[in-house]
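Analysis of the macromolecular model
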Amino acid sequence: MAKIKYYYDTETCQYQEVKTSLADTVSLVLVFLVVSFVMALGLAVGYNALFPSDEYVELAKEKQLLEKNYTKFDGELSYLNKVLAAIQERDDYLYRGYFDSEPLPKTIREGGTGGTDKYRNLPKHEIISLTAQKIDAVKRRIYIQAKSLDEIVKLAQSHSERAASIPGIVPVPEATKRFVSGFGMRMHPIYRIFKFHSGCDFSAPIGTPVYATGDGVIAAAQPHAGYGNQVTIDHGFGFVSTYSHLSKFDCKEGQKVKRGQLIGRVGSTGVSVSPHLHYEIHRNGTQINPIQYFYDDLNPNEYEELLDVASRNRPSMGN
Ligand SMILES: [Zn+2]
């Protein structure tokens, strides 16, 4: 049974019953409930702190492990990025530099993402998304690097193909002692006038072997007006060489040839005073001095000797 409370009324000098309103009762109940809840929560937290449940301990351990692993992954990702950066630098400035190729633009390198730096200040709770983004960025960089290396391999192949294709050797054996007349204005032995001599003449007995001076394809092997029997080799990369006044062909049109391969024999066909080879090099359609290209099989002394003979402006031996 509820207790009845009284208060002393000084006006009436009597005890009056204390009436409790519904609002006061509700307020009291609410205060009681809130205080009870706070106390229960406090007790639960305190209890958990002092006597954590197995599940709580497991979760805490898992969280600790995750954080530890994240730090480890993050360190490994940073290391991968450093390794990639070193490879990229070598790629851009060493490998590409060697083949005269420009470094890859930064925008291509970073795959249009602006790199991984923009994620640096994200809060820790985005660990998984952050790590996924970093891994994606590394994957993209690796893919672009692999493509770049493929391109460098192609550049290297093309470079070595070019090196083998350029007409870089003398076309006859013992060329230095056979060299007679060089490139430029020379007295023509038959027309008896100064005429532009568009190649080099090597005097040699009929039948002396004539070699392809670089890799290429036989573009023509046939008589060619005043040049007699002539072989033309297309070396690619803008280079063409011709071998004139031959007595015999040792190749056919369309045949692929390697540097140093026998393609014909010295003769005296066409406009020629005696057996010799007239040798020309054309680059991008312009006749150039072949002497600049005898670098592959002459030693410095032989080359000097050849330059000396060429400077004497001896008459040519024909066309
Ligand atoms: Zn000539």
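No experiment lies behind these values; they were computed from the predicted model shown. (Residues numbered from 1 in each chain as written. Predicted model: local features only at pLDDT ≥ 70, side-chain atom pairs only at ≥ 80, totals over all residues. Heavy atoms only, no water.)

Considerations on the overall build of the protein chain
Short version of the rule: Strands are runs of DSSP state E lasting at least 2 residues, helices are runs of H or I lasting at least 4, and numbering of each runs from the N terminus. In this scheme, a residue with accessible area under 20% of its type's maximum is buried, one over 50% is exposed, and one in between is partly exposed, where area comes from a 1.4 Å probe on protein chains only. Working rule for contacts: check all heavy atoms of both residues, and any pair within 4.5 Å makes them a contact.
Assigned secondary structure in the protein chain consists of six helices and 15 strands. Taking the principal axes of the C-alpha coordinates as reference, the protein chain spans close to 160 × 40 × 35 Å. Here the protein chain, with 319 residues, has 34% of them falling under the buried criterion. Summarising the internal contacts of the protein chain: among those between residues at least 6 apart in sequence, 66% fall at separations of at least 24.

Concerning the domain arrangement of the protein chain
Put simply, the rule reads: For the domain bounds, the source is a domain assignment made automatically or taken from a database.
By domain assignment, the protein chain separates into domain 1 (6-50), domain 2 (54-165) and domain 3 (175-310). Each of domain 1 and domain 2 has a C-alpha centre, and the two are 66 Å apart.

What about the pairing of strand β14 (residues 276-283)?
Which entries qualify depends on this criterion: Each pair of strands is called paired provided DSSP finds at least two bridges between the two strands.
Burial analysis of β14 places seven of its eight residues in the buried class, which makes it a mostly covered element. Where β14 lies against strand β15 (residues 286-288), three bridges are found, and the strand directions are antiparallel. Along β15, the bridge assignment pairs isoleucine 281 with isoleucine 288.

A closer look at the sheet that holds strand β7 (residues 209-211)
Pairing is antiparallel in the open sheet, where three strands are placed in the order β7-β13-β11. Lying at the two open borders of the sheet, with one neighbouring strand each, are β7 and β11 (248-249).

Here we look at the coordination of the zinc ion
Using the following cut-off: A donor here means any N, O or S atom no more than 2.8 Å from the metal (3.2 Å for Na, K and Ca); water is not included, so a site may seem to lack partners. Labels for metal geometry use angle windows, namely 85 to 135 degrees for all angles of a four-donor tetrahedral site, and for square planar (four donors) or octahedral (six donors) sites opposite donors over 155 degrees apart plus all others within 65 to 115; sites meeting none of these are irregular.
Of the protein atoms, only His197 (NE2), Asp201 (OD), Asp201 (OD) and His278 (ND1) coordinate the zinc ion, at distances of 2.0 to 2.8 Å. Taken together, the four donor atoms coordinating the zinc ion and their angles of 52 to 153 degrees define a geometry best described as irregular. All donor residues of the zinc ion come from one chain, and their arrangement in sequence is H-x3-D-x76-H. Pair noted here: histidine 197 is in strand β5 (residues 194-197) and histidine 278 is in strand β14, with a separation of 81 residues, a long-range link. The two residues histidine 197 and histidine 278 agree in class, both being buried.

Here's the deal with the nonpolar core
One recurring pattern in soluble globular proteins is that nonpolar side chains are buried together. Selection criterion: As used here, the term nonpolar core means buried Ala, Val, Leu, Ile, Met, Phe, Trp, Tyr and Cys residues forming a set that is joined through side-chain atoms within 4.5 Å.
Within the largest apolar cluster, 31 residues are counted, with the highest numbers of intra-cluster contacts made by Phe202, Ile263, Leu277 and Phe294. Contributing elements (two or more residues each) for this core: β6 (200-203), β9 (229-236), β10 (239-246), β14 and α6 (300-310). Look past the residues within four positions of phenylalanine 202 in its chain and what remains in contact with it is Pro171, Val172, Ala175, Arg178, Phe179, His276, Leu277, Tyr279 and Phe294.

Considerations on the pairing of β10
The buried fraction of β10 is high, at seven of eight residues. The sheet contact formed by β9 and β10 spans six bridges and is antiparallel. Among the inter-strand pairings, asparagine 229 is bridged to a residue of β10, identified as leucine 246. Remark: two residues form the turn of the hairpin made by β9 and β10, two consecutive strands paired antiparallel; phenylalanine 237 in that turn has positive phi of roughly 55 degrees.

Some points on a nonpolar patch on the surface
Which entries qualify depends on this criterion: For patch detection, residues must exceed 30% relative accessible area and be free of salt bridges, and they are connected within 9 Å for like charges or within 5 Å for nonpolar side chains (Val, Leu, Ile, Met, Phe, Trp, Tyr). Methods summary: accessible areas were calculated by the Shrake-Rupley approach with a probe of 1.4 Å, and residue burial reflects only the protein chains presented. Basic side-chain nitrogens of Lys or Arg form a salt bridge, by our definition, when they fall within 4 Å of a carboxyl oxygen of Asp or Glu.
Side chains of Leu22, Val26, Val29, Leu30, Phe32 and Leu33 sit close together on the surface and give an oily, nonpolar patch of about 630 Å² of accessible area. Secondary-structure assignment places phenylalanine 32 in helix α1 (residues 22-50).

Observations concerning helix α2 (residues 54-98)
How we decide: Multiply 1.5 Å by the residue count of a helix minus one, and that product is the helix's expected span. Here the bend at a residue is taken as the angle between two axes, fitted respectively to the seven residues that end there and the seven that start there.
Relative to the 66 Å expected for 45 residues at 1.5 Å per residue, α2 spans 64 Å between its end C-alpha atoms, a close match to the ideal helical length. Roughly 35 degrees is the biggest bend found in α2, and it falls at aspartate 91. Of all the residues in α2, the buried ones are Tyr70, Asp74, Leu77, Asn81, Leu84, Gln88, Asp91, Asp92 and Arg96. Taken together, the buried residues of α2 touch α3 (106-109) and α4 (127-165). Where α2 ends, the next residue or the one after it, aspartate 100, has phi of about 55 degrees, a positive value.

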